[in-house]
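Examining the three-dimensional arrangement
Each chain, written out:
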Amino acid sequence: MTTVGTASAAPGEMAVGRLEVGESRDGGTVGLPVAVINGAKSGKTLYIQAASDGDELNGVGVIQRLVPQLDPSEISGTILIVGIVNYHAFQVAQHRNPIDDRKMNRAYPGDERGTSSERIADVTFKVARGADLILDLHQGSTSQMINEVRVRCGRHHRMHAECLRLAKTFGCGYVLDQKGPDGQLARAGPDAGIPTIDPELGGCVGWDEESIQLGVRGVHNVLRAYGFLDGDVNRDPQTRARGFDQYGSPSGGLVRFKRALGDEVSAGDVLFEITDVFGQLKARVTADHSGIFWRARRLPQVASGEYVCSVGIDIDNY
Ligand SMILES: [Zn+2]
């Protein structure tokens, strides 16, 4: 029997339930929706979580489509899923947990006596650390972003090669291979010896079906490559960036992009223009280095110094 919270499944069974992470302001129990898919045959354990950032719903879309496709009688191993991690932020459709105004993905591995986010991180990480592989489904928040997979442990980490392999297996086409900030699950997982990736499934308000389908395909690829399911694995070469150049606006006004997501950019190429309300050009911003147009703000209006877009740099293929 495998149990997460109130979900218990014997081999060949699937169960859903709630994983208690504390109490809400009205004194009621807060339980995250969880699923346990216990394969009929033994094998590895995969941990998947979504909505660590409360406005990032594509991962929830992946899980919602994936789970009905999984038949425990055909699976070797166990799949543990936390469908919504940032419970409080999800309720109000915002990025950060409103209880402590923290970003969940800076709170791992968590603290059982800490703030709300640290406590949720602690409870979910205790489930994740029993797994052999971790997928932390994210997206570029509500910005526009390409579909990519992040490897956050850093190039000198003992788990780096395994994380890169997992990222290639997930196979969104693009990989960001850059050490992430402290507190990310994609840092804490490798530190505990578990290959961990952070698929970033596009960026949108609500659901983007194309990114969701890429995520579903990515999980199936992982399930086949690591022996959970039979079948062929795609291992297409991935385009890797090792960092970002971020561009802010030199002046206030309205942004007009000159590049689209995924475009190759050369140093000196115009990335965007800022115009005033009456259409007059105020500024033109060019790329400092070559790379790939990776991420862009969604709303056109900007103040001086405000974030506009990112270019992935230091590109290769693997
Ligand atoms: Zn995120």
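Everything in this summary refers to the structure shown in the same document.

What counts, and where the lines are drawn
- Residues numbered from 1 in each chain as written.
- Predicted model: local features only at pLDDT ≥ 70, side-chain atom pairs only at ≥ 80, totals over all residues.
- Heavy atoms only, no water.
- Helix = DSSP H or I, 4+ residues; strand = E, 2+ residues; numbered from the N terminus.
- Buried < 20%, exposed > 50% of the residue type's maximum accessible area, 1.4 Å probe, protein only.
- Contact = heavy atoms within 4.5 Å.
- Donors = N, O, S within 2.8 Å, 3.2 Å for Na, K, Ca; no water.
- Tetrahedral: all angles 85-135°; square planar, octahedral: opposite > 155°, others 65-115°.
- Pairing = 2+ DSSP bridges.

1. Some thoughts on the side chain of asparagine 58
Here asparagine 58 is to be found in helix 1 (residues 58–66). Residue classification places asparagine 58 among the buried positions, given a relative accessible area of 0%. In contact with asparagine 58, other than residues within four places in its own chain, are Gln139, Leu201, Cys204, Gly206, Trp207, Asp208, Ser211 and Ile212.

2. A short note on unusual backbone geometry
With an omega of 10°, the peptide bond running from tyrosine 108 to proline 109 counts as cis. Positionally, proline 109 belongs in the loop between helix 2 (87–91) and helix 3 (116–128). Phi at alanine 93 takes a positive value of approximately 55°, unusual for a residue other than glycine. Structurally, the position occupied by alanine 93 is in the loop between helix 2 and helix 3. The exposure class of alanine 93 is exposed, given its relative accessible area of 59%. Positive phi, normally seen in glycine, also occurs at aspartate 314, with a value near 60°. Along the chain, aspartate 314 turns up in the loop between strand 20 (307–313) and strand 21 (316–317).

3. What about the coordination of the zinc ion?
For the zinc ion, the full set of protein donor atoms is Asp53 (OD), Glu56 (OE), Glu56 (OE) and His138 (ND1), at a range of 2.0 to 2.5 Å. Taken together, the four donor atoms coordinating the zinc ion span angles of 55 to 147° at the metal, a pattern that classifies the geometry as irregular. Mapped onto the sequence, the residues coordinating the zinc ion show the spacing D-x2-E-x81-H. Placement of the pair is aspartate 53 in the loop between strand 5 (41–50) and helix 1 and histidine 138 in the loop between strand 7 (133–137) and strand 8 (144–145), with a sequence separation of 85 residues.

4. Structural notes on the pairing of strand 13 (residues 243–248)
Judged by which residues are buried, strand 13 turns out to be one-sided: Gly243, Asp245 and Tyr247 face inward and are buried, whereas Phe244, Gln246 and Gly248, on the alternate face, are not. Across six bridges, strand 13 lies against strand 20 in antiparallel orientation. Opposite tyrosine 247, over in strand 20, you have cysteine 309 as the bridge partner.

That is the geometry; function is a separate question.
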